[in-house]
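Understanding the architecture of this molecule
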Amino acid sequence: MCDFSGKLIAWLDHELPAEETAAVERHLEACSVCRCRVDAYKRASSEFDAYCEEAIAPNARRGMPRWVPVVSAAGAVGVLMLLFLILPRTPGKSPALHAPEAAAAASPAVVGKGLPAPVRSVHRVHRQHAVAPVQNQNENSALAQNQNAYSLPDEPVIQIAIPAEEMFPPGAVPEGMHFVADVTIAADGSAERLRLRPRLAGFERRTTQP
Amino acid sequence: MSGDAAPLALPLSRVSTGACEATTLYRELRKPLLRYLVCLGLSSDEAQDVVQDAFLILHRHLSSGGSQENIRGWLFRVAHNQARNRQNRYDRNFGSPMDTEIDAVSHEATPERAVLEKEKFQQLGKAIRLLTASERECLLLRAAGLRYREIGEVLGIATSTVSDTVDRAIKKLAEKCHV
């Protein structure tokens, strides 16, 4: 083994002083064995670096099989579509949720002014709507009570449009489908409830075309 | 300059500079630090915690006008010590990183190539586990882009020792893997 073999890795790492660097480079021009060694050390270094790189990556890859997110997303879309089709027709069968109207009516100013801006606001804030359901309650209309028992107001205070591709893997949701999040704000200004509603506008439009 | 204005102005400018610098360093060094800590044997969550703590300490250090010389080495040293404290606290063996097999086979590879790649990685994994703790730490810090002097500062050893250790470790890997 020649005298320079102990300096080859330091030379690769640019850790040698200028004089020694020049000497090693002169030697490498003449010594094919050391050139092979340098190649082997380079490969060992890059393999080690690649191994380290993979030490972080497999956590995500090993976590779940690749088919799980796709099947989950398809299942979620199926359930959402089923809810979308069934819920408006059978309101009495749905679990009763407490109506948020009283809280909203108690603080119309909060609903109108004190809210933080949503990330993506589709509809602007409907201030007058927050107090409207109270009138329905006062009238004691059976229909209104039934509707209020299972659902949020028809026109939510804030709507946030969420593109389906941000929640599901590409291709898992039919093209043109998106979701609208209805956010109900409590009297103290915090978000009280959030409901996702699938929108099939694009889907329906496509089926009407020849 | 009036005597009243100076004490207020100086800390504010320091805080602002420190925050800006810490943010830039965070973008640049977060991933290498995480990789180093995970390879050292910490779980992903623990590594994230340690990195966060290290940057918090860095922010305080810069805000209080601490030395800005070799911040990268300083940050790795803080993270290294935090990791060591954490592992001592839970009575774990600091010298057994990379125990898990890494399945780094590309999904696009053909079956034959996938088998070869897997074998190669398993062989490398075995060779890495045969290195001493010091050799592994030196190689990990070197893979993170630290110079020998900085590695020496992080591990508290002389630069010449780092050079010898790296030389020995790379030669062992090259020999074991026949690369």
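To keep things clear, this report deals only with the structure shown in the data block. (Residues numbered from 1 in each chain as written. Chains lettered and ligands numbered in written order. Predicted model: local features only at pLDDT ≥ 70, side-chain atom pairs only at ≥ 80, totals over all residues.)

By convention, interface size is frequently given as the accessible area that disappears when the constituent parts associate. Each side of the interface is counted separately: chain A has 20 residues, and chain B has 26 residues. Looking at the side of chain A that touches chain B, the elements with two or more residues in it are α1 (8-12) and α3 (32-63) of chain A. In terms of residue class, the side of chain A that touches chain B is built from 11 nonpolar, 3 polar and 6 charged. (Contact = placed C-beta atoms within 7 Å. Helix = DSSP H or I, 4+ residues; strand = E, 2+ residues; numbered from the N terminus. Nonpolar A, V, L, I, M, F, W, Y, C, P; charged D, E, K, R; others polar.)

Moving on to the environment of glutamine 48 of chain B. Tracing the chain through its elements places glutamine 48 of chain B in helix α2 (residues 44-63). As for glutamine 48 of chain B and leucine 34 of chain B, which are separated by 14 residues in sequence, their C-alpha atoms are 6.7 Å apart.

The subject of this paragraph is unusual backbone geometry. Despite not being glycine, histidine 14 of chain A has its phi angle at roughly 55°, a positive value. The class of histidine 14 of chain A is exposed, set by 9 C-beta atoms lying within 10 Å. Phi at asparagine 70 of chain B takes a positive value of approximately 50°, unusual for a residue other than glycine. Position of asparagine 70 of chain B among the secondary structure elements: in the loop between α2 and α3 (71-89). (Buried ≥ 20, exposed ≤ 12 C-beta atoms within 10 Å, placed from the backbone.)

Moving on, we get to the packing of helix α6 (residues 148-155) of chain B against helix α7 (residues 159-177) of chain B. All names here are of chain B. At a closest axis distance of 8 Å, the pairing of α6 and α7 adopts a crossing angle of 105°. In terms of orientation, α6 and α7 fall into the roughly perpendicular class. Each of Tyr148, Arg149, Ile151 and Gly152 in α6 lies in contact with α7, whose residues at this interface are Thr159, Thr161, Val162 and Ser163. Looking at side-chain class alone, the contact of α6 with α7 contains 3 nonpolar, 4 polar and 1 charged residues. (Axes fitted to C-alpha atoms, helices over the stretch in contact; angles between N-to-C directions. Parallel < 35°, antiparallel > 145°, perpendicular 65-115°, else oblique.)

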